[in-house]
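Okay, here's what each chain looks like letter by letter:
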Amino acid sequence: MRSAVPVFDGSNWRMNQQAKIEIRHSTCPHDCPSACALDVEVIGGSTIGRVRGSKLQSYTAGVVCAKVARYAERIHHPDRLMHPLRRTGAKGSGQFARISWDEALDEISDRFNAAECEFGAQSIWPYYYAGTMGLVMRDGINRLAHVKKYSRFYSTICANVARVGFAIGTGKIAGVDPREMGVSDLIVIWGTNPVNTQVNVMTHAIRARKERGAKIAAIDVYNNDTMKQADIKIILRPGTDGAFACAVMHVLFREGYADRAYMDRYTDCPAELEAHLASRTPEWASAISGVPVEEIEAFARLVGETRRSFFRLGYGFTRSRNGAAQMHAALCIPAVTGAWQYEGGGAFFNNYSLWKFNESIIEGHDAIDHTTRVLDQSKIGRILTGDAEALSHGPPVKAMLIQNTNPMTVAPEQMLVHRGFAREDLFMAVHEQFMTETAQMADIVLPATMFMEHDDLYYGGGHQHISAGAKLIDPPGECRSNHEVLQGLARRLNAVHPGFEMSARELIDATLKKSGHGDIEQLEADLWRDLQPDFRTSHYLDGFAHADGKFHFKADWAHPPIGNAGLMGAWQQMPSLPDHWTIIEEADETHPFRLATSPSRNFLNTTFNETPSSKAGEGAPTVMIHPADAAALGIADRDPVTLGNTRGETTLTARLFDGLRRGVLIAESIHPNKAHIGGRGINTLTGATAIAPIGGAAFHDNRVWVKKAAPSASRNA
């Protein structure tokens, strides 16, 4: 097929040539549960055009978010890093000189070896996260850490808290087929804003509304884009989901909606739960959550009357100090009603337990030394500023390799993070696609490929498919994949492991075979392989995954079904039965507001904040404040305001908004620090203390004060 196509010339699109368009398939690699199946226009074998959701995969169903639909804007961006760079000025100055790959890898290796010689191997900390969710490119860095006995990495920024809260009830992280939303009569979207973050949830929910007259209920802390499309809207104060859930179950028991036969067969202690909830009345919950009593009771009756009630529970639970307990409380509702028995009923959070990938070759499991310390991702600020406890009383971190993440912007306790990265005695190599705020602090910057420029292996957190994503085009300039960089370093560091001798494609093939998923050719032939179990298994009709086969209303937080770094936080204080756990950072006289930093529509953490259309869609950083709260503080719409707490301050623009509770503030997205007035970003206000029971960071659980900023406040201050 030949057609006139737009060709990206570095700054804009123009219709200036005839080229062959080929439709190739891939999977979106970004940190989103949808992991969308993609149809990609490959133009002339060297560039891409439009990106569409593939209709060949039943969950994506032809729909993709606007960010990824415009991916050509990102992959062909004129500001992409193209060549290795060495810092020539002060840290953070942005002064770099081009060097060769050999020079870059030699210097990294020399500096790593020097740190190991003087301070021991654990003074080197490979650091990464979910800039790509592909297994080879995301997790291969662990192989280098394991072989070299460098400090290991404990991932805590994202999903731990919600995962353990779900698994503590069901026994594993898997639920009803998410496509069953399309045959539900009530879809409860709780703790997630899928219009912004996982658009395919809305595909199936809206289908149910069109075809069945289903109702969509949204439960969240503000009137977000998903709630605006919902039939029922429940706006909570942050960190009070557990109280709301308990009151809903109180009404279900009180008014005869509880399915006692189901609970007797499938749950552990229904009578004890009913007695416990007797005092958790709607009036009690309303005082805590801010939700009017009549809204609590009306929602409970709707759930009780609707057998096909599908609870789509989200990652918002993981952002609060009591998040695991809140997730568990919400999850208990369909067990009380027996909704799990019906098609289109039950609950879903994530399908982690379905994939069963054996990553032993990718990560070098055979080389793990369990005496080597594990450092907490969220505590990077404390670690780099010498906190002995955060360092596990070991040596200081003297050298780092960072891939797939931007901690200078996204990590908690930004004042500590910035101070740590400014250390002259810290050597840092950053492998990136753009000159992020973290890359600007590096000694060596390496240019990275994007997902269409390398091979990788993917899974869908929000659905049930796995796929092999093939390289579609060659990378620009001298960009290299994560795996290629690790291979180059391994040769220089004498890190010997079979994984370093294999290509990315060979690693995918070996991993699939070890995991019982056949080989790469078979997976490529399938395009996207559906691993969803049968109906009875997905709905736990032959028993839940705990040893006793029961759903657990009574949570055993001392023995969570997941978690590999031991119990953390105040886990001994966690309520065993569903409840409102008061460990959240409550507002006080000095800090009368509670702040949540919710995801935006145009950015994905700090991915896409370099593309013109996403930047235009988001604009400057703002904070939503209730008009009555603003009036009391003398704040008008668009005024600059400063938020602060014991961790620091940030200044941004006020946006008056009545779609939240009094005393609550919402700052959407993670803008670059430099986009904030004064240059300090929103995570200046976020703490890094570990959340019970297995760690995490409470991004949506911060108390702050607010004041009108001085009129002279400047973005260049």
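What you see is a predicted model; the values in this text were computed from it and never measured.

K.L.:
Report on the side chain of Asp241, specifying residues and quantitative values.
P.N.:
Locating Asp241 in the fold gives a position in helix α9 (residues 241-254). The charged side chain of Asp241 is buried without a salt bridge, its nearest counter-charge being Arg594 at 8.2 Å. Polar contacts involving the side chain of Asp241 include one to the side chain of Trp190, which spans 2.9 Å. Ignoring anything within four residues of it in the chain, the contact list for Asp241 reads Trp190, Leu236, Phe317 and Gln326.

K.L.:
Let's hear about the pairing of strand β18 (residues 456-459): which residues, and what values?
P.N.:
Residues Asp456 and Tyr458 line one face of β18 and the alternating positions Leu457 and Tyr459 line the opposite face, and both faces are buried. Bridge count for β18 against strand β19 (residues 465-469) is four bridges, and the pairing is antiparallel. When the sheet's bridge partners are listed, Tyr458 is paired in β19 with Ser467.

K.L.:
Talk me through the state of the cysteines; I want residue IDs and the actual numbers.
P.N.:
Scanning the model with the defined rule gives zero disulfides in all. Here Cys32 stays unpaired: no disulfide links it, and the sulfur of Cys36, its closest cysteine neighbor, is 6.0 Å away. Of all cysteine sulfurs in the structure, the one in Cys32 sits closest to Cys158, which takes part in no disulfide; the separation is 11 Å. By relative accessible area, which is 12% here, Cys158 ends up buried.

K.L.:
Describe the sheet that holds strand β22 (residues 622-625), naming the residues involved and giving the relevant values.
P.N.:
Strand order in the closed barrel made by the six strands is β21-β25-β22-β24-β23-β26, with mixed pairing throughout. Shown here is a sheet whose adjacent strand axes are inclined to one another by a mean of 45°, direction ignored. Two elements, strand β21 (residues 593-596) and strand β25 (residues 664-666), share three bridges in a ladder whose sense is parallel. Across the sheet, residue Leu595 finds its bridge partner in β25, namely Leu665.

K.L.:
Describe the packing of helix α3 (residues 101-119) against helix α20 (residues 482-493), with residues and values.
P.N.:
One can describe the packing of α3 onto α20 by two numbers: an axis separation of 9 Å at closest approach and a directional angle of 55°. Judged by the inter-axis angle, α3 sits oblique to α20. Where α3 crosses over α20, the two elements pack in a sense that is right-handed. Each of Trp101, Asp102, Leu105, Asp106, Ile108, Ser109, Phe112 and Asn113 in α3 lies in contact with α20, whose residues at this interface are Val485, Gly488, Leu489, Arg492 and Leu493. Across the contact of α3 with α20, the residue classes break down as seven nonpolar, three polar and three charged.

About the cut-offs
- Residues numbered from 1 in each chain as written.
- Predicted model: local features only at pLDDT ≥ 70, side-chain atom pairs only at ≥ 80, totals over all residues.
- Heavy atoms only, no water.
- Helix = DSSP H or I, 4+ residues; strand = E, 2+ residues; numbered from the N terminus.
- Buried < 20%, exposed > 50% of the residue type's maximum accessible area, 1.4 Å probe, protein only.
- Lys, Arg positive; Asp, Glu negative; His and termini not counted.
- Salt bridge = Lys/Arg side-chain N within 4 Å of Asp/Glu carboxyl O.
- Polar contact = N/O pair within 3.5 Å; in protein donor to acceptor, adjacent residues only side chain to side chain.
- Contact = heavy atoms within 4.5 Å.
- Pairing = 2+ DSSP bridges.
- Disulfide = S-S within 2.5 Å.
- Axes fitted to C-alpha atoms, helices over the stretch in contact; angles between N-to-C directions.
- Parallel < 35°, antiparallel > 145°, perpendicular 65-115°, else oblique.
- Left-handed = near helix turned anticlockwise from the far one by under 90°.
- Nonpolar A, V, L, I, M, F, W, Y, C, P; charged D, E, K, R; others polar.

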